[in-house]
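Now for the letters of each chain:
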Amino acid sequence: MTTDQPLALAADVHLVRSLPGRDGPERLAINSLVLRSPGDTVLVDTGAATGRDAWWEQVESIVDPGDVRWVFLSHDDADHVGNLPEVLERCDQATIVTSWQLGERLAATVSVPLDRCRWLNDGERTALGEREVVAVRPPAFDAPTTRGLYDVASKVYWAADCFGVPVPHPVDEVSQLDRDVWDHGLLRFGSLLSPWVAQVDPRRWRQAVSRVAALDLRAVASAHGPAIRQRDVDHALDLLAELPEHPEEAAPGQRELEALIAATRAA
Ligand SMILES: [Fe+2]
Ligand SMILES: [Fe+2]
């Protein structure tokens, strides 16, 4: 199993993958997406700067950077806009699909010329060339600028950070994980991603989940987990609906840090 090559989710929809090696038994993906169309290719997020060369290698195996016309940014976290400065240069025909607030928050690190921007807010539907897309904020998120992207033609939904799950070994799809690894991992990652979920009225939360469930979904792609194919989408949504009832996970602390340092030194 390898995750250093793109994974096709539909005709001309490719998940660009990375699974950085970290200390500890689990690894967390940093994915992005390419919607390829002749003359209208869309990049969805730009990966992390620390994985720059491998990210470009996968993107260029799908599309010539000069042929990218649109770059959708889901939000302004470093693992989603890490290669944006180089994308602005190399994809010089591309319009950046962003928002007012995203641009404001990005301005501290990278300046995107306004005349290269299109602003797309949550709930808005637009055409990127011939491709119809809808911005749909996922229920769980860690930045206020977050919008997911639903591609009407392929029925693939880019869920940004939502549906992330740390994995014990590389897999293409969640169905290749033990079910309890997926279940527990999704809930644990979700509560770390969006600790505010514990303060949310479960009824309101389920309404947010229903908004995604109402999409006609062929696949869900997360920046931080294996692909979710159609047969697994209902279970993923059921898990997400439970998130407010999931007890908040204790994050690793100083004791765990010292154990990691000792293990690193002993290796
Ligand atoms: Fe994020
Ligand atoms: Fe992220």
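Conventions adopted
Once a new chain begins, its residue numbering starts again from 1 and follows that chain's sequence as written. Here the convention is simple: chains get letters from A, ligands get numbers from 1, in the order in which they are written. In view of the model being predicted, local features appear only for residues whose pLDDT reaches at least 70, and side-chain atom pairs are presented and counted only at 80 or more, with totals across whole chains, interfaces and linings using the full set of residues. The basis for every side-chain value is the complete set of heavy atoms in the structure, and neither hydrogens nor water enter the calculation. Under the scheme used here, helices are H or I runs from DSSP no shorter than 4 residues and strands are E runs no shorter than 2 residues, and both carry numbers assigned from the N terminus. The globule rule used here is 2.2 Å times the number of residues to the 0.38 power, and the radius of gyration it is set against is calculated over C-alpha atoms. Throughout, exposure labels follow a simple rule: accessible area from a 1.4 Å probe, protein chains only, divided by the maximum for the residue type, with under 20% read as buried, over 50% as exposed, and the rest as partly exposed. Throughout, a contact is declared for two residues whenever any of their heavy atoms are within 4.5 Å. Shrake-Rupley sampling with a 1.4 Å probe provides the accessible areas, and residues are treated as covered by the protein chains on show and by no other component. When charges are counted, Lys and Arg are positive and Asp and Glu negative, with His and the chain ends excluded. To locate a charge, the coordinates of NZ of Lys, CZ of Arg, CG of Asp or CD of Glu are taken. Sites may look incomplete because water is not among the atoms; the donors themselves are N, O and S atoms within 2.8 Å of the metal, or within 3.2 Å for Na, K and Ca. Every angle between 85 and 135 degrees makes a four-donor site tetrahedral, while opposite donors more than 155 degrees apart, with all other angles between 65 and 115, make a four-donor site square planar and a six-donor site octahedral; other sites are irregular. Pairing between two strands is assigned when DSSP locates at least 2 bridges connecting them. What counts as a salt bridge is simple: a side-chain nitrogen of Lys or Arg found within 4 Å of a carboxyl oxygen of Asp or Glu. Axes here refer to lines fitted to C-alpha atoms; in helices the fit is confined to the stretch in contact. Angles between the N-to-C directions go from 0 to 180 degrees. Should an angle fall under 35 degrees it is called roughly parallel, over 145 degrees roughly antiparallel, and 65 to 115 degrees roughly perpendicular, with every other angle called oblique. Handedness of each helix crossing follows the sense of rotation of the near helix against the far helix: counterclockwise by less than a right angle gives left-handed, clockwise gives right-handed. When residues are grouped by polarity, Ala, Val, Leu, Ile, Met, Phe, Trp, Tyr, Cys and Pro land in nonpolar, Asp, Glu, Lys and Arg in charged, and all others, Gly among them, in polar. Pairing of aromatic rings covers Phe, Tyr and Trp, the last counted by its six-membered ring, and requires centre-to-centre distances within 6.5 Å; plane angles under 30 degrees mean stacked, over 60 mean edge-to-face, and any other angle means tilted.

A.B. asks: For the overall build of the protein, give the residues involved together with the corresponding values.
C.D. replies: Counting secondary structure elements, the protein contains 8 helices and 13 strands. Relative to its length of 267 residues, the protein is compact, with a C-alpha radius of gyration of 18 Å against a globular reference of 18 Å. Counting only C-alpha atoms, the protein reaches 50 × 45 × 35 Å along its principal axes. The buried share of the protein, taken over its 267 residues, is 51%. Counting only contacts in the protein whose residues sit at least 6 apart along the sequence, the fraction spanning at least 24 positions is 65%. Just so you have it, the protein exposes about 12,600 Å², and 49% of that area is on carbon and sulfur atoms. When the 26 positive and 42 negative side-chain charges of the protein are each reduced to one mean point, those points stand 2 Å apart.

A.B. asks: An account of the coordination of the iron ion (ligand 2) is needed here, citing residue identities and associated values.
C.D. replies: Of the protein atoms, only D79 (OD), H80 (NE2), D161 (OD) and H224 (NE2) coordinate the iron ion (ligand 2), at distances of 2.1 to 2.3 Å. Given 4 donor atoms and angles of 80 to 171° at the metal, the environment of the iron ion (ligand 2) is assigned as irregular. The sequence motif formed by the donor residues of the iron ion (ligand 2) is D-H-x80-D-x62-H. Here the iron ion (ligand 2) and the iron ion (ligand 1) are spaced 3.5 Å apart, and both take D161 as a donor. With H80 in helix α2 (residues 78-81) and H224 in the loop between β12 (219-221) and β13 (228-229), this residue pair connects regions lying 144 residues apart in the sequence. Of the residues examined, H80 reaches a relative accessible area of 0% and is grouped as buried. Under the relative-accessibility criterion, H224 is labelled buried at 4%.

A.B. asks: Provide a residue-level description of the sheet that holds strand β11 (residues 156-158), including the pertinent values.
C.D. replies: The strand order across the open sheet built from 6 strands is β8-β9-β10-β11-β12-β13, with neighbouring strands paired in mixed fashion. Lying at the two open borders of the sheet, with one neighbouring strand each, are β8 (125-128) and β13. In this structure, strand β10 (residues 148-151) lies alongside β11, joined through 3 bridges in antiparallel fashion. The partner of Y150 across the bridge, within β11, is Y157.

A.B. asks: Before we move on, could you go through the coordination of the iron ion (ligand 1) and cite the residues and values that matter?
C.D. replies: Octahedral metal centres with six donors ideally show angles of 90 or 180 degrees, and tetrahedral centres with four donors ideally show 109.5 degrees. For the iron ion (ligand 1), the full set of protein donor atoms is H75 (NE2), D77 (OD), D142 (OD), D142 (OD) and D161 (OD), and the range of their distances to it is 2.0 to 2.6 Å. Taken in chain order, the donor set of the iron ion (ligand 1) reads H-x1-D-x64-D-x18-D. The class for H75 is buried, based on a relative accessible area of 0%.

A.B. asks: I'd like a rundown of the pattern of salt bridges, residues and numbers included.
C.D. replies: One pass over the full model with this rule turns up 13 salt bridges. The closest approach of N and O atoms between R125 and E132, which form a salt bridge, is 3.1 Å. Note on R125: relative accessible area 53%, which makes it exposed. With a shortest N-O distance of 3.1 Å, R229 and E173 are connected by a salt bridge. One end of the pair, R229, is in strand β13; the other, E173, is in the loop between β11 and α5 (179-193), and 56 residues separate them in sequence.

A.B. asks: Give a detailed account of the packing of helix α6 (residues 202-213) against helix α7 (residues 230-241), specifying residues and quantitative values.
C.D. replies: With their axes 9 Å apart at the nearest point, α6 and α7 run at an angle of 165° to one another. What the angle tells us is that α6 and α7 run roughly antiparallel. Like other packed secondary-structure pairs, α6 and α7 cross with a definite hand, here right-handed. Packed against α6, whose contacting residues are W205, R206, V209, V212 and A213, the element α7 presents L237, L240 and A241 at the interface. Considering only residue class, the contact of α6 with α7 consists of 7 nonpolar, no polar and 1 charged.

A.B. asks: Describe the packing of aromatic side chains, and please don't skip the residues or the numbers.
C.D. replies: Per the counting criterion, the structure on display carries 3 aromatic pairs. A ring pair is formed by W55 and W56, whose centres lie 5.0 Å apart and whose planes are at 80°; its orientation type is edge-to-face. Overall, the relative accessible area of 6% leaves W55 in the buried class. Between W196 and W205, the aromatic rings sit 6.2 Å apart at their centres with planes inclined by 65°, giving edge-to-face as the arrangement.

Interpretation in functional terms is not warranted from these geometric data alone.
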